[in-house]
Amino acid sequence: MRKTIIAGNWKLYKTIPEAIELANGLKRELFQLDAQDIEIVICPVYTALTEVFEVIQNSAIGMGAQDAYWQDEGAFTGEVSCKMLKDAGCTYVIIGHSERRQFFGETNETVNKKVKAVLAAGLTPIMCVGETLAEREANKTFAVLEDHVAGGLKGFSAEDAVKIVIAYEPVWAIGTGKTATPAQAQEAHAYIRGLLAKLYSKEVAAKMRIQYGGSVKPDNIEELMHQPDVDGALVGGASLKVDSFADIVKKAAKIRK
Ligand code: 13P
């Protein structure tokens, strides 16, 4: 059985006081949920990590960062390493988000190096994959998914692969209010699981979790979670408010697969 994982990507939002307030609100709203049943993750900006960790420590909520560099330390101005993120309380790191691929030159090669570093630090990578609107319209969705999945996972053993969470985020559904239909999400997730079976084995593919991301809201989480290959969600906009993120988490936690 794959444990549901709901993560909130706060992107470039929230000052330290705002982040503390949001984390406190979520802790209050979600205290009844059991970490045995669902994994809940919040991913604040770097500057708020330490303070947010103070809040969520000893709760069912885990913390992630939104990126990491692959070296532990050195003359790499502006970067933050996995070792440092772990030190700040992170247990997850989002890698290869489409915004990083689009605006910051992230490639399959850098994603691969970063995922490797995240695993080496003993943290859980959330590796993002997904096609743009132009790619979908040109019928290139599956080719892009194959490129992102195979490129990102290059060189990883099955033992490493099962520790990785994949987030399928169609770029055209991010921040647009346009969610993939449950059928479109399921089709892409099933395709990704098929790729994982080819790269590793059916058993490994059956263990790996694939989250959906792109305009996930309280009113569409249930139908998405009912899809057999959707194992959770990576939430942007709706993770910035206590009510909407808590609602998404509670609804997802009720769906037993
Ligand atoms: P939205 O939920 O705002 O569409 O963002 C999705 C996303 O990019 C999460 O990483």
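Residues numbered from 1 in each chain as written. Predicted model: local features only at pLDDT ≥ 70, side-chain atom pairs only at ≥ 80, totals over all residues. Heavy atoms only, no water.

Novice: Tell me about the overall build of the protein chain, residues and numbers included.
Specialist: Each helix and strand counted, the protein chain has twelve helices and eight strands in total. Reported as C-alpha extents along the three principal axes, the dimensions of the protein chain are approximately 45 × 45 × 35 Å. Going through the 257 residues of the protein chain one by one, you find that 53% of them count as buried. Counted over contacts in the protein chain with a minimum sequence separation of 6, partners at least 24 positions apart contribute 72%. Summing over all exposed atoms, the protein chain offers an accessible surface of approximately 11,800 Å²; the carbon and sulfur share of this is 52%. (Helix = DSSP H or I, 4+ residues; strand = E, 2+ residues; numbered from the N terminus. Buried < 20%, exposed > 50% of the residue type's maximum accessible area, 1.4 Å probe, protein only. Contact = heavy atoms within 4.5 Å. Areas by Shrake-Rupley, 256 points an atom, 1.4 Å probe, with all protein chains shown as cover.)

Novice: Lay out the site of the ligand with the relevant residues and their values.
Specialist: Around the ligand, the surrounding shell consists of Asn 9, Lys 11, His 97, Glu 169, Ala 173, Ile 174, Gly 175, Gly 214, Ser 215, Leu 234, Gly 236 and Gly 237. Interatomic distance of 2.8 Å between a side-chain N/O atom of Lys 11 and an oxygen atom of the ligand. Out of a free accessible area of 310 Å², the ligand has 96% covered by protein chains. (Near = heavy atom within 4 Å. Polar contact = N/O pair within 3.5 Å; in protein donor to acceptor, adjacent residues only side chain to side chain.)

Novice: Break down the pairing of strand β2 (residues 38-43) for me, citing the residues and quoting the values.
Specialist: β2 sits mainly inside the fold: six of its six residues count as buried. Residues Ile 38, Ile 40 and Ile 42 of β2 are buried on one face, and the alternating residues Glu 39, Val 41 and Cys 43, pointing to the opposite face, are buried as well. In terms of handedness, the path from strand β1 (residues 4-9) via helix α1 (residues 16-30) over to β2 forms a crossover that is right-handed. As defined by bridge partners, β2 adjoins strand β3 (residues 61-65) across three bridges and the pair is classed as parallel. (Right-handed = clockwise from strand over helix to strand, strands pointing away. Pairing = 2+ DSSP bridges.)

Novice: Give me helix α2 (residues 49-56): which residues, what numbers.
Specialist: Every buried residue belonging to α2 is among Leu 49, Val 52, Val 55 and Ile 56, and all of these are buried. The arc that holds the buried residues of α2, viewed along the axis, is 120 degrees, so those residues lie on one side. On its buried side, α2 packs onto α1, β2, β3 and α3 (82-87). At the C-terminal side of α2, Asn 58 shows a positive phi close to 65 degrees. (Arc of directions from axis to C-beta.)

Novice: Can you tell me about the environment of Glu 73, naming the residues and giving the values?
Specialist: The topology assignment puts Glu 73 in the loop between β3 and α3. Using a relative accessible area of 56% as the deciding quantity, one classes Glu 73 as exposed. Between the C-alpha atom of Glu 73 and that of Met 84, which follows or precedes it by eleven residues, the distance is 8.8 Å.

Novice: Which residues make up the packing of aromatic side chains, and what values go with them?
Specialist: Two descriptors summarise a pair of aromatic rings, namely the distance from one centre to the other and the angle between the planes of the rings. What the rule picks out here adds up to five aromatic pairs. With centroids separated by 5.1 Å and ring planes inclined at 50 degrees, the aromatic side chains of Tyr 69 and Phe 76 adopt a geometry described as tilted. We classify Tyr 69 as buried; its relative accessible area is 14%. Under the relative-accessibility criterion, Phe 76 is labelled partly exposed at 33%. Arranged with centres 6.3 Å apart and planes meeting at 55 degrees, the rings of Tyr 168 and Tyr 212 form a pair that is tilted. Pair noted here: Tyr 168 is in strand β6 (residues 165-168) and Tyr 212 is in strand β7 (residues 209-213), with a separation of 44 residues, a long-range link. When sorted by exposure, Tyr 168 lands in the same class as Tyr 212, which is buried. Through a chain of ring-to-ring contacts, three or more aromatic side chains come together here, namely Tyr 69, Trp 70 and Phe 76. (Phe/Tyr/Trp six-rings, centres within 6.5 Å; stacked < 30°, edge-to-face > 60°.)

Novice: An account of the pattern of salt bridges is needed here, citing residue identities and associated values.
Specialist: For the structure shown, the criterion picks out 14 salt bridges. We note a salt bridge from Asp 231 to Arg 2, for which the minimum N-O separation is 2.8 Å. On the criterion of sequence distance, the pair formed by Asp 231 in the loop between α11 (221-225) and β8 (232-235) and Arg 2 in the segment before β1 is long-range, its members being 229 residues apart. Residue Asp 231 is classed as buried on the basis of its relative accessible area, which comes to 3%. Its salt-bridge partner being Asp 229, residue Arg 193 comes within 2.5 Å of it at the nearest N-O pair. Placement of Arg 193 in helix α9 (residues 182-199) and of Asp 229 in the loop between α11 and β8 is noted, with a sequence separation of 36 residues between them. (Salt bridge = Lys/Arg side-chain N within 4 Å of Asp/Glu carboxyl O.)

Purely geometric stuff here, so don't read any function into it on its own.
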